[in-house]
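The chain contents come next:
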Amino acid sequence: MMHRFVRCLFVALLAVLPTLAPAPLLVAQAPTPVPLPFAERVKAMIAGMSVQQRVGQLFLVSFPGNNVAPDTDIADLITNYHIGGVLLRAANGNFNNAQTDPSPPQQVAQLANALQTLALTRPTASASLNIGASPIPETPEVAPATNATPEPTETPPPPLPAIPLFIALSSDVDARPRAELSEVTQNVTLLPSQMANGATWKPDNARISGEIFGREFAQMGVNVLFGPMLDVVDAPKPNTPGDLGVSVFGGDPFWVGRMGAAFVTGVHRGSENRIAIIAKNFPGLGSSDRDVREEMPTVQKSLEQLKQIELAPFFAVMRGNIYDESTVDGLMVSHIRYRGFQGNIRASTRPVSLDPQAYQALMTLPETAEWRNNGGITFSDSLGARSVRRFYDPMEASFNARRIAQEAFVAGNDVLLLDTFGLTKEWPEQLANIKDAIRFFQTRYVEDPNFATRVDESLQRILSLKLRLNKGNINMANLLVDDTAADQMPLQTSIITNIAKQSITLLAPSQRDLPAVLPNAPTKDDTITFITDDRQLRDCPSCEPYPAVPKTAMEELALNLYGPRTTGQVDPARVSSFTFSDLIDYNVQASATITSTPDAGGLNTPGTPSTTPEITATQSAGPLRIQSAIERSTWIVIAMIDTNPAITPTQALRTFLSQSADTLKDKRVIVFALGAPYHLDATEVSKVTAYFGVYSRQPAFLEAALRALFGEYVPTGKSPVSVPALNYSLINVTAPDPTQVIPLTTGDTLTDTQSTPEPLLLKTGDRLKLRAGPIIDLNGNLVPDGTVVQFILSYPAERVEQRQQPVNTRDGIAETTIALEREGKLEIRAEADPALTSFVVRVDTGNTTQIETIKPTLAPTETPAPAPTVAVVRPTTVAPIASLPANGANASPARASITGFLLTAIGLLLISFSVFIFTAREHQAGLSMSARLRIAVCVWMLGWLIYAMVALGLPGMRWVTNLLGWAGSAMSAILLTAVAAALLIAGIRIWRKSHENSAT
C-alpha cells in the first residue's frame, strides 16, 4: 500500500515539475559551421601547395622603400618565402605624401601592381617536403644513380598555384601623430575622422565616408583595410598615452557599433567587395590608459563586463553571413591584458593576442562563434611593437622571433603581422628575424602533425578570403589596377564639406544661451587674433616635417570667406596669426612691466594710437607683437588639438588661459577643439566665451567651424563622447527624453497596418500586441538598443496596476504581447525611465472589443479637456493564446518559483493528510485503508493539476490570480485544492449518511 502511495507521489511530481518555469529554457548550442566560400577550390589549392607556400601565407610583413626589383629583400620574401601579404606605411618610405610626381595614390598603385606581379610570376615548381638549408628547397629531389633497371619516367609535378598578396593599409584619419595618407596629400579625398562622423549621429555619413574610402583605395590596389577602430571611449582619459583621440566613433557601444557597421557597409560597396575590412582593436582598447604600442595595458574587467561595452561594437559587425556587406571580414587582435577576465580578480591573462585561453574564450562566445566558423579571419597586431618586446624581455636586451611568432599563432591568430620585427629599427635585423620565424614554422609543419593541421585551418580562411576578394578568378588582369586612374579620381570635397557642417558642435554655452554671450558675428571693425597648435608632424624619419595646422590657415580661410572680396566682414589689417609656441614668449612677457609709446604702425589702422610696447635691447619683436595683438583684439580664436603634456607649446595654452583672466575678460575667446572635446577642464572652459567641437584639422572642418562662428548656420552636431568638464554624460544624453510622449499602438506590430475603426472580435484569454515607440533620447535620436521599457496594465474599476516584465528596445521600438485576462475595462501605458508619459490604450472587452488610443494632455489647462477620441482601432484577428509561443515579455501575475513550489508541496501535503484523517470516520461505511489512501493521493494530484493550470495562465484561472495577485500560483493552488477537498469530504459524508439510512 505504501509503495503505491510513493509511486503515485513520484508520478505527480514528474507531472508538475515542468510548470516551475513559465517559459521553456533555451539551451545555447554551438552554431553549425557552414562551408567556407569556394570550399572545393580552396581544398584543391591547398593540395597543390608546397610546405613553403602553406606556411608563408600566414605572414604579413612591412618593408622599407618602394624598390621591388627581383634582387631586393621584399622580392626574396615573396618569391622564395611565399609571404601572404605586405603592410604599406608612409613611415617606411613605401610612398611619399609630399611627392607630387607621381602622386601618393599613383605611388601606392604602382607599388601594389609590382608586388602582385612578383607574387603571380614567382617560381612554380612543386616543392619538396624535406627540411634543408634556408629556405627549404622547392625543387624535387633527384634520386641517386643505380645499376638497376631504370624506372619509367614519372610525370612532372604540377605547378604550384599562383596566390595573390594581401596589400594592407591602415584606415586611420587624423590619427596621432599622423595618418598614413596625410593632409599633405592632394590627390585623395581627405575623409572625416571617425569621431567627426560620430558627432553627426547619422550612420549614413559613416557609410558615405566608407564608400569614398573603398572606391579610392581599391583603385590604388589596396585589398586589406586595417580599420575601422571599434574601441569605445566610455570614460575619457585625456592627456594619457592611451587616449585614442578622434580615431574612434565615440563612447556609446551601441552607436559605435552602428557607425562601424555603416562604415563597413560603405567600404564594401565602394570597393565592390574588393577590400577586406579588418576591424580593430579587438577586444577593445577604450578602457586602457596606456599606448598599446609602447606598453601592454592591463584592464580590470571580466568577460561579462567586456560584453556590455568593449565587445558590443564588434558583435554588431559580426552578425549574419560572411557575405553580408555590414559584416567585417576579419579582426585585428590587440596586445591587451585583463585582470578578472574569468571572474578571479587576482588572476591576469597574458595579452589576448598571445593567450590561447583568453582568445578561445572570446572566439567561442555565441556572438562570435558563428562568424568565426563561417570563415572570419583574425590578424595579430604588430608582433614587433615595443610592448611585445618588453613583455618578453622587460630589459629589451633580446628578441626571440621564433617564440613570439609561434605563441601568437598558437593563441589563434590566422595571420601574423611582422612589423618592425626586431629589437631595433634596422631592416637587416628585422629581415633576419622574419626569415628565421618562417623557416621555424616550416620545420614545425613537417615535424608536428598537430601544428600542420592548425596551419591548414588558417590557410583555408586565408585562401577563401583571397578568392572572395577576386570573385574566384585569380589572374593578372583581375589583380592589377590602372595606376594612372588612381591619380585622376574625382575628390568628393562637397560631400566631406556637408559632413563637416553636420559635425560641428557647440559644446559651451548651450544654444539657448549663445545669443547672450555672442549676440553678433565678427565685423570689419573687430580685431581678430588666431592662435593655432603648431606641433610638427613627420610621415617618415627622412621626410620633411609639416605643421599639424598651418599657422595662417585660419586667417586665410577667414579672408577668403569674409574678406574684402566677399562680405567685407573681416579687415585684413585687423587680423593676425600666431602659434602656441608664440604663447610661450607671451606668457613670459605678459608678466613684465613694459613702457608703452604711441605708434602709428604695426597692427593699428592708420592714424590711430597704439599701445605697442617699446622693444628693448634684450627683447625680440615676436613677444611684443603677440602681446600687442592680444591686448588690442576683440576676438581671440584658438585652434587646439589637445593639451598633451609631452608637447611643450600645448602647456603654454593652459598657462595663457589661467594667467590672463584680466586681459581676456573684455574679449571674446573662442576655442575650436580640432581633436577630442574633453581636453579642457572646467576652469579652463569657464575662461572662454564659446567652445566648439570640430573633431578634425582638415581644411573642410576648419571652414565649417568658421562659418558656424560667423553665424551662417546653427551647429547641429553633438559630442559622441562624454565631456566631464561640461557635465555632459553619454549615459544621460542617450537616455529617453523625459518630455516626450511615447507613442503606443496596438495590432500587427510587424506591419503596423491602419484600418477603419470597427469592433474587434476578441475574447478573454486572447492576446493583444503592443508597440511602444519610437522612443527618442535627449539628442533627438532613437534610444540605443536595450533601453528598458515597462508596460503597465491597470483596471480602473479596481484601482490595481500590474507591471509587466521589462522589454528592451530595438531600433527605438519595444514590442510585447499581453493576454486579455477578463472582461471589463483595461488601460495600458508604457514607461521608459525617465520618460514616464505615453499614449494610453484603453481596452473594453465584452461581446465586442473596443480599443482606444489616447494622447494624454501634458500641461493642465483651465478649460476642460476634450473627450477622448478613437485614434487607432485595428481589426486584426488576434491569435488565441495557444497559438503563441511562450515569451518572457508576456508576463502574468502568477509566477512559478522554487518558493511557490515548496509552499504548494507543504500545503497540499497537509490537505491530503487531513483528507486521510477525516475519512477515517467513514471506515465503518466501507472505506478501507487503501481506499482512503487513494482518495488522499487523488486530492494531492488534483492540487498539482490546479497549480499547473494557474502557473501556465490557462483560461479560467485568471480570476483566481487576480483576486490573489499577492499570493501567486502557490496560494491559488492550495486554496482551490482545500475547497475541492472540503467538497470531497462533504460528499463522502453525504454518501455515508445515505449508506447508513439504506442499511437500517
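It should be emphasised that the depicted structure is a prediction, and the values quoted were computed from it without experimental measurement.

1. Remarks on the overall build of the protein chain
- If you tally the helices and strands in the protein chain, you get 31 helices and 27 strands.
- By residue count, 54% of the 1000 residues in the protein chain fall in the buried class.
- A sequence separation of at least 24 residues applies to 75% of the contacts in the protein chain between residues at least 6 apart.
- As displayed, the protein chain offers around 44,000 Å² of accessible surface, 56% of which is attributable to carbon and sulfur atoms.

2. Concerning the sheet that holds strand E15 (residues 575-579)
- Taken in spatial order, the 6 strands of this open sheet run E11-E18-E17-E16-E12-E15, and their pairing is mixed. Two strands bound the open sheet, and with one partner strand each, they are strand E11 (505-508) and E15. Neighbour to neighbour, the strand axes of the sheet diverge by 20° on average, direction disregarded.
- Two strands pair when backbone bridges link them, and E11 and strand E18 (residues 690-693) are joined in this way by 3 bridges, in the antiparallel orientation. Counted as the bridge partner of Thr-505 is Gly-693 from E18.

3. Observations concerning the environment of Ala-411
- Mapping Ala-411 onto the fold places it in helix H14 (residues 401-411).
- The class of Ala-411 is buried, set by a relative accessible area of 0%.
- The spacing of Ala-411 and Asp-355 is 56 residues in sequence and 5.2 Å in space, taken between C-alpha atoms.
- Ignoring sequence-local partners within four residues, the contact set of Ala-411 consists of Ser-353, Leu-354, Asp-355, Pro-356, Tyr-359 and Gln-360.

4. Thoughts on the side chain of Glu-216
- Along the chain, Glu-216 falls in helix H7 (residues 203-219).
- There is no salt bridge for the buried Glu-216, and the closest opposite charge comes from Arg-215, which lies 6.2 Å off by N-O distance.
- Within the local environment of Glu-216, its side chain forms a polar contact with the side chain of Thr-189, the two groups lying 2.5 Å apart.

5. Re the state of the cysteines
- Within the structure shown, the criterion is met by 1 disulfide.
- Note that Cys-540 is cross-linked by a disulfide to Cys-543, the S-S spacing being 1.8 Å. Around the S-S axis, the bridge from Cys-540 to Cys-543 shows a dihedral of about 95° and counts as right-handed. Of the two residues examined, Cys-540 and Cys-543, each falls in the buried class.

6. Quick word on the pattern of salt bridges
- Applying the stated rule across the entire model yields 33 salt bridges.
- Linking Asp-419 and Arg-89 is a salt bridge whose minimum nitrogen-to-oxygen distance equals 3.1 Å. Here Asp-419 is found in the loop between strand E10 (416-418) and helix H15 (427-447), whereas its partner Arg-89 is found in the loop between strand E2 (85-87) and helix H5 (104-120), with 330 residues between them in sequence.
- A residue is classified by how much of its surface remains accessible, and Asp-419, at 8% relative accessible area, is buried.
- A salt bridge links Asp-681 to Arg-654, with the nearest nitrogen and oxygen atoms 3.8 Å apart. Taken together, the residues span a long stretch of sequence, with Asp-681 in the loop between strand E17 (668-673) and helix H25 (682-686) and Arg-654 in helix H23 (residues 648-659) at a distance of 27 residues.
- Residues joined by salt bridges that share partners form a network here, namely Glu-294, Arg-386, Arg-389 and Glu-396.

7. Comments concerning the nonpolar core
- Residues Ile-74, Leu-88, Leu-115, Phe-226, Phe-441, Leu-583 and Phe-672 are the most contacted members of the largest nonpolar core, which totals 201 residues.
- Ranked by size, the runner-up nonpolar core spans 25 residues in total, among them Leu-770, Ala-814, Ala-832 and Ala-835.

8. Some remarks on the packing of helix H11 (residues 356-363) against helix H12 (residues 366-373)
- Axis separation between H11 and H12 bottoms out at 7 Å; the angle between their running directions is 90°. As judged from the angle between their axes, H11 and H12 are roughly perpendicular. Contacts between H11 and H12 involve Tyr-359, Leu-362 and Met-363 from the former and Thr-368, Ala-369 and Arg-372 from the latter.
- Within the contact of H11 with H12, the residues separate by chemical class into 4 nonpolar, 1 polar and 1 charged.

9. Observations regarding the packing of aromatic side chains
- Tallying each qualifying case throughout the model produces 18 aromatic pairs.
- Judged by centre distance (5.1 Å) and plane angle (70°), the ring pair of Phe-59 and Phe-441 falls under edge-to-face. One end of the pair, Phe-59, is in strand E1 (residues 59-62); the other, Phe-441, is in helix H15, and 382 residues separate them in sequence. Of the two residues examined, Phe-59 and Phe-441, each falls in the buried class.
- A cation over an aromatic ring shows up here: Arg-468 above the ring of Tyr-323, its NZ or CZ 5.7 Å from the ring centre.

10. Some remarks on the confidence of the model for the protein chain
- Summarising the model, the protein chain shows a mean pLDDT of 80, and 76% of its residues fall at 70 or more.
- A low-confidence stretch, residues 124-154 stays under pLDDT 50, and its non-local contacts, those more than four residues away or across chains, total 45 contacts.
- Low pLDDT, under 50, characterises residues 749-758; the predicted model gives this stretch 19 contacts beyond four residues in sequence or across chains.

11. Here we look at a nonpolar patch on the surface
- A surface patch of nonpolar side chains, about 310 Å² in accessible area, is lined by Phe-913, Ile-917 and Phe-918.
- In this fold, Phe-918 is placed in helix H28 (residues 898-918).

12. What to know about the sheet that holds strand E20 (residues 767-772)
- Sheet architecture is open: 3 strands sit in the order E19-E20-E24, paired in antiparallel fashion. Whereas interior strands pair on both sides, the edge strands pair on one side only; in this sheet they are strand E19 (744-746) and strand E24 (814-819). Going across the sheet, the axis of each strand differs from the next one's by a mean of 25°, ignoring polarity.

Here is what the cut-offs are and how they apply
- Residues numbered from 1 in each chain as written.
- Predicted model: local features only at pLDDT ≥ 70, side-chain atom pairs only at ≥ 80, totals over all residues.
- Heavy atoms only, no water.
- Helix = DSSP H or I, 4+ residues; strand = E, 2+ residues; numbered from the N terminus.
- Buried < 20%, exposed > 50% of the residue type's maximum accessible area, 1.4 Å probe, protein only.
- Contact = heavy atoms within 4.5 Å.
- Areas by Shrake-Rupley, 256 points an atom, 1.4 Å probe, with all protein chains shown as cover.
- Pairing = 2+ DSSP bridges.
- Axes fitted to C-alpha atoms, helices over the stretch in contact; angles between N-to-C directions.
- Lys, Arg positive; Asp, Glu negative; His and termini not counted.
- Salt bridge = Lys/Arg side-chain N within 4 Å of Asp/Glu carboxyl O.
- Polar contact = N/O pair within 3.5 Å; in protein donor to acceptor, adjacent residues only side chain to side chain.
- Disulfide = S-S within 2.5 Å.
- Core = buried A, V, L, I, M, F, W, Y, C linked by side-chain atoms within 4.5 Å.
- Parallel < 35°, antiparallel > 145°, perpendicular 65-115°, else oblique.
- Nonpolar A, V, L, I, M, F, W, Y, C, P; charged D, E, K, R; others polar.
- Phe/Tyr/Trp six-rings, centres within 6.5 Å; stacked < 30°, edge-to-face > 60°.
- Lys NZ or Arg CZ within 6 Å of the ring centre and 35° of its normal.
- pLDDT = per-residue confidence, 0-100.
- Patch = residues over 30% accessible without salt bridge, like charges linked within 9 Å, V, L, I, M, F, W, Y side chains within 5 Å.

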